[in-house]
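So you can see what is in the structure, the chains are spelled out below.
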Amino acid sequence: MKRFSGLLFLLFLCIFIQAKEKPNIVFILIDDLGWKDVGFMGTEYYETPNIDRLAKGGMIFTQAYANAANCAPTRACLLSGQYSPRHGLFTVGNSDRGKSNDRRLVPVENNKEISLSKITIAEALKPAGYVSAAIGKWHVGNTPQLQGFDIGVEKPDVGFKQGHFKDDGEYLTDRLTDEAVKFIKENKNKPFFLYLAHHAVHTPIQAKNEIVTGFKDKPGIDCHNDATYAAMIQSVDESVARVNQTLEVLGLSENTILIFFSDNGGYGPKTCMKPLRGGKGMYYEGGIREPMFVYWPGKIKPETMCDVPVISTDFYPTFVKLAGAKYPENYPLDGLNISPLFNGGKSLQRDKLFWHFPGYLQAYGALKDESRDPLFRTRPVSVVRKGDWKLLLFHEEWILDGGREKIKTNNSVELYNIKKDIGEKINLCNIEIEQRDELLDDLLNWQKETNASIPGKANFEYKM
Ligand SMILES: [Ca+2]
């Protein structure tokens, strides 16, 4: 009997240790934060000392991509683990933005919510014993609770209507941080997944006066020069600091992976991503490349950097692996587990990343010289990145102006060598023919594989 209870004790101890070993996951998603909008990526105007300290204490990813150039589709990809053609969220709201006379194709109708048939990341983590919270901006229809999160705290739930301030003066970034801290404290004894999705630094550009004042006399540097925008970023920095401090005080830091990421490029009228081309809404690097670091004391070596391209669909399989959970059956995941990179791995078993945007996004008076045309930030486009190469296929010219036969002259394809030409200035479409044809085939094959909806000619395939 004595031996039996001893064994029982050992068994429980093992289960306990195993349970404790499951890492907590804290994923902090900033809205519209540009690639250069944080100190660790090089801004000399905005101030992010806390974010920079954590970035320095972990691994910085220099080629981290969002799945889309605006909010909802990136979130849908991240939460579902799938590229946009599989869930149909391609943009925010309607896909037919801009003047109809200026649009040569009929865009694909946009899906505004993730189908409940999708197995979200929270649903995949649940069988491994995780408690999940989605705090902040959701933006993909239904509710977090209907998509497997135990807790969902959206802006209206905490009394905020329009903008970043409540009637009583409370600031949204602070409040969402309070909610995140509360969640961590309440769940410190079980493995948790915190998806903290700030509304900052999305428009309206509003910040706390006392912080704005601090930037009033600071000279701007090039396109980083807006005091209110800088103050918004500083509040995000304070939020990250408070979340991390909570983990430290509770002794959870070494068992918690903390990831910092943004959902798309910075907002053109307020910031810029130089030397990258373009910003939010464009499929040039400035619209989709994100600031990212992973901080995990004791697990990830400080002051490390990774230049392997990663994308927001990678978080799902990565978190599932770290949690010791299983990939859902009969459910395609388009990303990869990137945790081998955290240990110094130099590559992934993948050579291509894809984007698909079958809609229109109107221009808004900024970064116009960096977009392809002055009327739209983007027209319908599909993109592939392979090695150092990136190809953009523009559907209007492809469908209406002769496709592959006229590829030399119809301006349907742009090809860049991202390594040599990070600013996407030199279109090599008619120079690097071999690369062009290879990437084009890859992209067209991928469209077929994912059954990607393609915009139609007028009065054709347009579903209301
Ligand atoms: Ca966004």
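For the structure, see preceding data.
Residues numbered from 1 in each chain as written. Predicted model: local features only at pLDDT ≥ 70, side-chain atom pairs only at ≥ 80, totals over all residues. Heavy atoms only, no water.

**Quick notes on the nonpolar core**
By size, the foremost hydrophobic cluster in this structure holds 90 residues, and its most contacted members are Leu194, Phe260, Tyr283 and Phe293. If you tally residues by element for this core, the top one is helix α8 (residues 227-249), at 10 residues. Each of two domains, domain 1 (18-82 + 118-345) and domain 2 (354-449), supplies a minimum of three residues to this core. Non-local contacts of Tyr283, meaning those with residues more than four positions away in its chain, are made with Ala68, Ala69, Ile288, Trp355, Phe357, Thr378, Val381, Val383, Lys390 and Leu392. (Core = buried A, V, L, I, M, F, W, Y, C linked by side-chain atoms within 4.5 Å. Buried < 20%, exposed > 50% of the residue type's maximum accessible area, 1.4 Å probe, protein only. Helix = DSSP H or I, 4+ residues; strand = E, 2+ residues; numbered from the N terminus. Domains from an automatic or database assignment. Contact = heavy atoms within 4.5 Å.)

**Regarding the sheet that holds strand β13 (residues 381-386)**
The strand order across the open sheet built from 4 strands is β10-β13-β14-β15, with neighbouring strands paired in antiparallel fashion. Every other strand in the sheet has two partners, leaving β10 (352-357) and β15 (413-417) as the edge strands with one partner each. The mean angle between the axes of side-by-side strands here comes to 10°, regardless of whether they run parallel or antiparallel. Pairing analysis gives 6 bridges linking β10 to β13, with the strands arranged antiparallel. Bridged to Phe357 within β13 is Val381. With respect to the sheet, helix α13 (residues 433-449) is in contact with β10, β13, β14 (389-394) and β15, its orientation differing from that of β14 by roughly 60°. (Pairing = 2+ DSSP bridges. Axes fitted to C-alpha atoms, helices over the stretch in contact; angles between N-to-C directions.)

**Some thoughts on helix α2 (residues 49-56)**
If you check which residues of α2 are buried, you get Ile51, Leu54 and Ala55. Within α2, the buried residues cover an arc of 105° as seen down the axis, which keeps them to one side. What points out from α2, more than 90 degrees from its buried face, is the exposed set Pro49 and Lys56. Its buried side turned inward, α2 meets β2 (59-65), α8, β6 (256-262) and β7 (289-295). (Arc of directions from axis to C-beta.)

**Regarding the state of the cysteines**
Taken as a whole, this structure holds 1 disulfide when the rule is applied. The partner cysteine of Cys223 in its disulfide is Cys272, sulfur to sulfur 1.8 Å. Taken together, the positions of Cys223 in the loop between α7 (209-216) and α8 and Cys272 in the loop between β6 and α9 (285-288) put the pair 49 residues apart, joining distant regions of the chain. The burial state of Cys223 is the same as that of Cys272; both residues are buried. (Disulfide = S-S within 2.5 Å.)

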